[in-house]
Each structure stands twice: as structure tokens, then as C-alpha cells.
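The chain contents come next:
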Amino acid sequence: MGADDWTISTILSGNNELQGPCLFINILLSSIILQLNALSAGVNWFMVVERVATFCSVALLLCLSTKTPPHNAKYLQVISALFLVMVIPGCLINSNFTIVAACCAISGELALVYLVATSHKTKRRLFLWLASTLLIVFGFWFRADMWLLTTPFFALVIICLWLSEKRSHHQSPWRAKRVLGAIALPLVIIGMSYAGDAAFWNTQPEWHTWQEYNRARSYLSDYPVPEYDTIRAQLDRLSISENDWWLATHWTTASPEVFDTATLKALDEIQREVESPDTAQPYAIHLASRPHLIALLLCVLAIASFVVKSNGAKAVICAFAILPVVINSYFWDTGRLPSRVEDPVWAMSFAYCLLFMCLYTQPSAPTQNQGGRKDSASGAKAISAPNKPWAQTVVANLSPNASLILLSLLLVSWSAFAVHGLSFNPRSAKDSLDIKQSPIVQYVELNPGNVFWWDTSSMEAYRDAFGSKGIPPRTLLAQNFKLGGWTTESPQTNNAKNQANVSLGIGSLIDNEKARYISLQGSAVTDHLLVFLQEHYNPSAVAILELTITNDSTGHVFEVWRFVAENA
């Protein structure tokens, strides 16, 4: 489970003293998961919802392919296989909510476009339309930014279908009213969801403050920053030292006295005014290091050149192939292109290319046999014809069953990664001790009187030791805090810090004798924390190594530090 997903699970687990939504997902989805956790303790419901949404995304395309003609079904089956290879691992193994959002949005939009663009009749058409709408909405709920990345592809398809209808001189199965009616419902729900989310964050002072703080913090933590020497004069005016700058750009800002929202915004302005050194290679060079993407793209374009007869359709497919290069190049130039964004964008490109081939490829023309009877190359009669070669007969019989084969693979993979060991959300430390035997987890649980601070790396290692699918109980969440990251200054964190008497953040390491800092062995953060305490709190502060703990299961070596003042 990814670090962000684990943190989201803890926020929405119901194990915090103060309950509230999460920054990255829509408030409606936050509320649903909070209610599920309140009604059914012991289950990591955020993880369950991720898994179910992932399964439904691919299952929808497979179910749709079983109800379509063979010459169209094969493209939907390839798209489903593409999801199983490119997207599903990020949803099931890495458990990244950004990829889950992409999976839901892409699948829902593909199914919706296919339904409105074809004349295929099915009794389940209404169900498929509602399922497509729900997946699109869930994609938005999981992460609105990722849903926005899918809109250029979706909009391009809708525009092309619209123009195709306008230029057509014969009766077309595609109608403007059909597509407008189909896309109206998800857009209305998304609009209402956005309005509700914005209303909450803008009308609740504590939560709005957290949102503003995180926006300012993220620019320093997530994007390239200039060297200290290039902006020393500007930083001196803000009383920010070289050590402060290092901490601010290394996910260590949990000090409301030094790194408040106004200061972080001022640092952002300085960062934007000074051009960061361009040390990154162009995206084209980076793409060359991923030959499988290039090979897959060339294969898709080659197939399209043979099966698609319309030059206009070929041009649109080429546009779909270019879009991911443009989108990813933009994020690459900003210095922020994680794989959880790059890979789904490429998956969108390949999927929409295949969908367009599905829409603009005609079935093989009927052939005349010796008896004068017409056989379709893709029909059931052709499959049973005795004069067909063995290989062709096997392929023809395999195609109708491909959806069932892929669906079976999806069920196996989903059950393997989603069911086993999925549920663990203890409500008490006793429940946790009965299950977890990690030395670092036991140390923290057996010292309830202490308060522990973790940097980003050590907290991630603690998560691995605790179990990436498990959620700490309320007692642990009340005594463990991060030195930085997007949960800093959240109402839940501030409430817990006030109750633990560590509201000074980093300053509490020397202000509160019960406070300890846990790092990974050899971490540079320890030295910078000591300098920070000496510069802002007590020049005589020293760091004392109290304990070293080796976690056998993960191989991490943790160091427990205490900061004291020599003249105290």
C-alpha cells in the first residue's frame, strides 16, 4: 500500500479523536468511508473501496465486450488486457489512489463513449450507462486532478463523433441527443460534488487553513528548488537560514513558529522568481529509456494504419498518440512527473486509440462459398465451416471466449491482492499487540507515555514494519507525529498535538521531555534538526542517542533520539 494511501486510510479510519475529510479525495467519498469505518470496525474501508472500484472498472469493459459483435469485442478485450498489465498493478499491488482514479475514469468514459456511439441494442444498456457514470464519478472523487487529465481524450472523442454525425448523409446510429443525455448525468454529479467539496473547504476556517498551508508547502517539497546561495539575500529578509531552507525543501516543516503559511507562501514566491537550474534531461530522452512504451505505441499505430480506412480517423488516432507526449512533457518540464501520472496517461492514449479503431473498423465482408451461401468471417457459421484451417478455427472460437478468460484472470489477481490480509483496522493497542510482533512497533506501543516524531523516511519504514495494510489504533495515532508532509497543520494533527502537549512541533523535541525523534540509521535529518533547535530555541541543545532498534522483517535500523539543553 502506498504511503499516501496508508495515510489517507489512517485519516479516514475513525481512529482519530477529531474526525474529518482528507485533502486529496472528495468530501463525499471521505464521508462515505468515515461512515463505513464507524459502522464496521476492523476493516480498512478505504482499501476495500479502492479494490472494488478497480475490479469494477475492468469488469465493466469485459462485460460490455461480451455483448458486442466479435469485430468490436476484440478491441475492448485488448483494452482490458492493457489495463491488467499497465494499470491494475498500481491499483492492487501499490494501492495508489491516483492510479485507481485513472482506472475508474478511463474505464467509465470508454464504456460511455462506446454505448452512445454504437447502435448495439441490449437489455442491459441502462445498467451499463449507470455503471459507466458511477465509475466516472468515482474517478473524480478519488482524485479530481487525474480525472481532469482524462478530459482531453474524452472531449476529443466526443467532438469527432459530433463532426462525424454532422457530415454524414445517411442515417447514423449516433445521435447528438444520445451523447448529450449520456454525458449530462456524470457532469452534473461531478459539478455538484465539486461545489459541495469547495463549499466545505472554503467555509470551515480550520480546514481551509490546512488547505492553504499544504498548497504553499507542496511547491517546496514536490518541485525543484534553487540552491540556497542563489536566493540568500531574499531568504535573509525572511530570517530563513541555510539550515531552515534545507528542512523546508526536505519535507520537514512541522514548526508553526518558523514555517507558518505566510512564510511558506513567501518562500514560494522567491522560488518562482528564481529559475531553478535545468539539470533534467528532455522528456524524449527519458521516454527512450522506456522502450516498451515506444514499441507498444508503434504497434498500435501500425495496426490502425491497416484496419482503419478513414484518413480522418487515422489522424485522430495519431492525435491520441501525441497527446501523452504533450501532457507528460509539460509535467516533466515542471520537474514533477511521477510514474503514477505518466503510466495512466499512456494507458489513456492506447485505450482511446483502440476504442477509435473499434468504432471505425468495419467487419469483414461476407464471402460466397461453393453452395452459394454467404459466410461471415467473424460469424458463427464461418467458425463451424469444415474447410477452414485448424489455426483459424481455434482463433475464431477463442475470440468470443476471450472476455471470460480475461475476467477469470482479473478475478484471480483481484482475490490474490485484495482479499488476503485486507482487513486490519484495530480499535485498541491490545488488538495491535496480538497481531504485530515488529520490534519498532512493540517499542512504540510499550511506551505510551512518550511522544514520537518521525521524518518522512522513518515513518514510511514504520509503516512497512507495522504492515502496509494495517492501520494504527487510536492510541498510536495520538502519540506519533510526522515532522512534515501534507498532514502537517491538519485539524486532526493539531488536535492530537495539543492533547499530547507538543503543539510547538519540532520545538517540542527540546520543550517536552517525553518527546523523542525516531530516524533511520545514518539519516541527515538528525543533524539538521539539532541545528534548527540551536538556532531557534536553545544554542546549547545536544542530541543523545538513546536506543537502536533493528527490525528483522524489513531490515531497517531505527535510532531513537532525545534532544536536551546542556545548561538546563
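That block above? That's the structure.
Owing to the predicted nature of the structure, the values given are computational and were not obtained by experimental measurement.

Peer 1: So what about helix H7 (residues 125-142)? Which residues, and what values?
Peer 2: With 18 residues, H7 ought to run about 26 Å at 1.5 Å a step, and its terminal C-alpha atoms sit 26 Å apart, in line with that. Of all the positions in H7, only Leu-128, Ala-131, Ser-132, Thr-133, Leu-135, Ile-136, Val-137, Phe-138, Gly-139, Phe-140, Trp-141 and Phe-142 are classed as buried.

Peer 1: Give me the lowdown on the packing of helix H2 (residues 27-39) against H7, citing residues and values where you can.
Peer 2: For the pair H2 and H7, the least separation of the axes is 8 Å and the interaxial angle reads 90°. Viewed along their axes, H2 and H7 adopt a mutual orientation that is roughly perpendicular. In this structure, H2 contributes Leu-28, Leu-29 and Ile-32 to the contact, and H7 contributes Phe-138, Trp-141 and Phe-142. Taken together, the residues that form the contact of H2 with H7 break down as six nonpolar, no polar and no charged.

Peer 1: Quick rundown of a nonpolar patch on the surface? Include the residues and the values.
Peer 2: A grouping of Ile-159, Trp-162, Leu-163 and Leu-180 is seen on the molecular surface, where their side chains present a nonpolar patch of about 350 Å² in accessible area. A per-element tally of the nonpolar patch places helix H8 (residues 144-167) first, with three residues. Within the fold, Leu-163 resides in helix H8. Under the relative-accessibility criterion, Leu-163 is labelled partly exposed at 39%.

Peer 1: Residue-level account of the sheet that holds strand S5 (residues 515-520), with values.
Peer 2: Taken in spatial order, the five strands line up as S4-S3-S5-S7-S6 in an open sheet, and their pairing is mixed. Only two strands of the sheet have a single partner each, and these edge strands are strand S4 (480-482) and strand S6 (541-550). Averaged over neighbouring strand pairs, the angle between their axes works out to 30° when direction is ignored. When strand S3 (residues 451-454) meets S4, the two strands line up parallel, connected through three bridges.

Peer 1: Got a sec to walk through the pattern of salt bridges? Specific residues and values, please.
Peer 2: For the structure shown, the criterion picks out seven salt bridges. Two residues, Arg-215 and Glu-212, come together in a salt bridge whose shortest N-O distance is 3.0 Å. Of this pair, Arg-215 and Glu-212 both sit in helix H10 (residues 205-222), three residues apart, which is roughly one turn of that helix. Overall, Arg-215 belongs to the partly exposed group, its relative accessible area being 44%. One salt bridge in this structure joins Arg-290 and Glu-342, with 3.0 Å as the shortest N-O distance.

Calculation notes
Residues numbered from 1 in each chain as written. Predicted model: local features only at pLDDT ≥ 70, side-chain atom pairs only at ≥ 80, totals over all residues. Heavy atoms only, no water. Helix = DSSP H or I, 4+ residues; strand = E, 2+ residues; numbered from the N terminus. Expected span 1.5 Å × (residues − 1). Buried < 20%, exposed > 50% of the residue type's maximum accessible area, 1.4 Å probe, protein only. Axes fitted to C-alpha atoms, helices over the stretch in contact; angles between N-to-C directions. Parallel < 35°, antiparallel > 145°, perpendicular 65-115°, else oblique. Contact = heavy atoms within 4.5 Å. Nonpolar A, V, L, I, M, F, W, Y, C, P; charged D, E, K, R; others polar. Patch = residues over 30% accessible without salt bridge, like charges linked within 9 Å, V, L, I, M, F, W, Y side chains within 5 Å. Areas by Shrake-Rupley, 256 points an atom, 1.4 Å probe, with all protein chains shown as cover. Salt bridge = Lys/Arg side-chain N within 4 Å of Asp/Glu carboxyl O. Pairing = 2+ DSSP bridges.

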